[in-house]
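# Analysis of the macromolecular model
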Amino acid sequence: MNNSKAAYGYFALKVDMAKDYDRVNWKFLGDMLRIMGVSVTTNSLIMACVSTASFSINFFLKAFSINLNGSPQGLYQRLSMLMHQFELQGLYQGYKINRRAPAISHLKFADDLFFFGENTRVNIQNLKKLLKEDADMSGKLINYDNFSIHFSKGIPQWMRQTTILDLGVRQMTIEDKYLGIYPLKSDYRISSFDSLTDKITSKLPGWRIHFVNSVGRTILSKSTISAIPIYFMGFCLFPKGVTKEIKKVQRCFWWNHFIEERKLHFIIWSKMELRKEFGVLGFKNIELMNIALICKLVWRFLENEDVMWVQKLSAKYLHGVSFWLADKPDKCSATWSIMLEVRHILENRIFWQVNNGNKIHI
């Protein structure tokens, strides 16, 4: 989006709704469950739970799930329906990477929302109308003070200020988060992962009080310190400085001393990362785990051709060329860059297995 050359440019609006549970219109929730195909019996059970006692329930029905723990997913299903209607009627124009890519209007994960669209006053006014209509029906509280917006490059400052004033929001800063990541920070800088290392080190003081023996430190190191970065390793290839810092924290914790202290380690850490068959503890190798998860991302890209993110990456970078033959462009996203970086690892490990022939085009 940053490199867009569109006349009016595009915006990305991060929406932070107030918690729904205390404000939701229960009749609206019941109607949404019925629209989503929930049976009368199940609908009655859910409504009895949410309107009375404290609860935490998950129902998985066919191709969708309903999570009723504070922010019901069904409430935002209505918002997606409204957006689809606005797009069909030409009232809202989403963001398109290029002519071959499908337009994207919003991203939704539980109650975390991101809206994308053309930076025109008509688009902005229709977006406000959509949010107000959804809030009036569901009872959700819209707090524009917690919203933040980011613009594509090339948009004049006066046009940005007009949009900000029309929405009553603030401009997104480099410290803003979405789903635990910083959208405006580079994935190539070590400083971009400071929050990750801080999250790991913040847990150590409390652990040292309660778990002082080597067995407890081993279990915590394997189950928690090694697990915290996994979410980020699924879409970021960590710089060597980051993996070095995580290993340092893990190593110092296991040898039971603070990071600032110097202490003799009797076994080199690379040996501790070998499999248990070699007589060691089998700690996970952070670099290899990171590469394995990126390879998994590439596999999902190759297997799920109908998924939105796959279609967008294909439209932007492949242009009808096979992933295995595509050249790396001078400017590309960090995600595409790391996918190409691990391509050589997969090339000799992937082969065709003919089943029904549906995915084979000759």
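Here the structure is shown first, and the text comes after it.
Read on for an overview of the structure. Just so it is clear, the model here is predicted, and its values are computed rather than measured.

On to helix α6 (residues 194–201). Buried residues of α6: Leu196, Thr197 and Ile200, and no others. One side of α6 holds all its buried residues, which, seen down the axis, span an arc of 95°.

Moving on, we get to the nonpolar core. Membership of the largest hydrophobic core comes to 23 residues, with the highest contact counts inside it found for Phe11, Leu13, Phe115, Leu127, Leu131 and Ile149. Elements represented by at least two residues in this core include exactly β1 (10–16), α3 (73–88), β5 (112–118), α4 (121–138), β6 (148–151) and α5 (157–167). In this structure, Phe115 is in contact with Phe11, Ala12, Leu13, Val15, Leu79, Met83, Tyr92, Ser105, His106, Leu127 and Leu131, ignoring residues within four places of it in sequence. Ranked by size, the runner-up nonpolar core spans 18 residues in total, among them Phe193, Phe232, Cys236 and Ile286.

Let us look at the sheet that holds strand β7 (residues 170–171). Pairing within the open sheet is mixed, and its five strands lie in the order β4-β5-β1-β6-β7. Taken across any chain shown, the strands that pair with only one partner, and hence form the sheet edges, are β4 (106–109) and β7. Along the sheet, α5 contacts β1, β6 and β7; its crossing angle with β6, the most-contacted strand, is approximately 155°.

Time to look at the side chain of Arg343. By the secondary structure assignment, Arg343 is in helix α15 (residues 343–347). Despite its burial, Arg343 pairs with no opposite charge; the closest candidate is Glu347, at 4.5 Å N-O. Engagement of the side chain of Arg343 in a polar contact is seen with the backbone oxygen of Ala326, the distance being 2.8 Å. In this structure, Arg343 is in contact with Phe323, Trp324, Leu325 and Ala326, ignoring residues within four places of it in sequence.

This paragraph deals with the packing of aromatic side chains. The full count for this structure, using the stated rule, is 17 aromatic pairs. Geometrically, the ring pair formed by Phe301 and Trp336 is edge-to-face, given 5.6 Å between the ring centres and 70° between the ring planes. With Phe301 in helix α12 (residues 286–303) and Trp336 in helix α14 (residues 334–341), this pair connects stretches of sequence that are 35 residues apart. The same class applies to Phe301 and to Trp336, which are both buried. Cluster of aromatic residues (ring-pair linked, three or more members): Phe301, Trp309, Tyr317, Phe323, Trp324 and Trp336. Looking at Lys222, its charged tip hangs above the ring of Phe283, at a distance of 5.7 Å from the centre. Over the ring of Phe323 we find Arg343, and its NZ or CZ is 5.7 Å from the ring centre.

Parameters at a glance
Residues numbered from 1 in each chain as written. Predicted model: local features only at pLDDT ≥ 70, side-chain atom pairs only at ≥ 80, totals over all residues. Heavy atoms only, no water. Buried < 20%, exposed > 50% of the residue type's maximum accessible area, 1.4 Å probe, protein only. Helix = DSSP H or I, 4+ residues; strand = E, 2+ residues; numbered from the N terminus. Arc of directions from axis to C-beta. Core = buried A, V, L, I, M, F, W, Y, C linked by side-chain atoms within 4.5 Å. Contact = heavy atoms within 4.5 Å. Pairing = 2+ DSSP bridges. Axes fitted to C-alpha atoms, helices over the stretch in contact; angles between N-to-C directions. Lys, Arg positive; Asp, Glu negative; His and termini not counted. Salt bridge = Lys/Arg side-chain N within 4 Å of Asp/Glu carboxyl O. Polar contact = N/O pair within 3.5 Å; in protein donor to acceptor, adjacent residues only side chain to side chain. Phe/Tyr/Trp six-rings, centres within 6.5 Å; stacked < 30°, edge-to-face > 60°. Lys NZ or Arg CZ within 6 Å of the ring centre and 35° of its normal.

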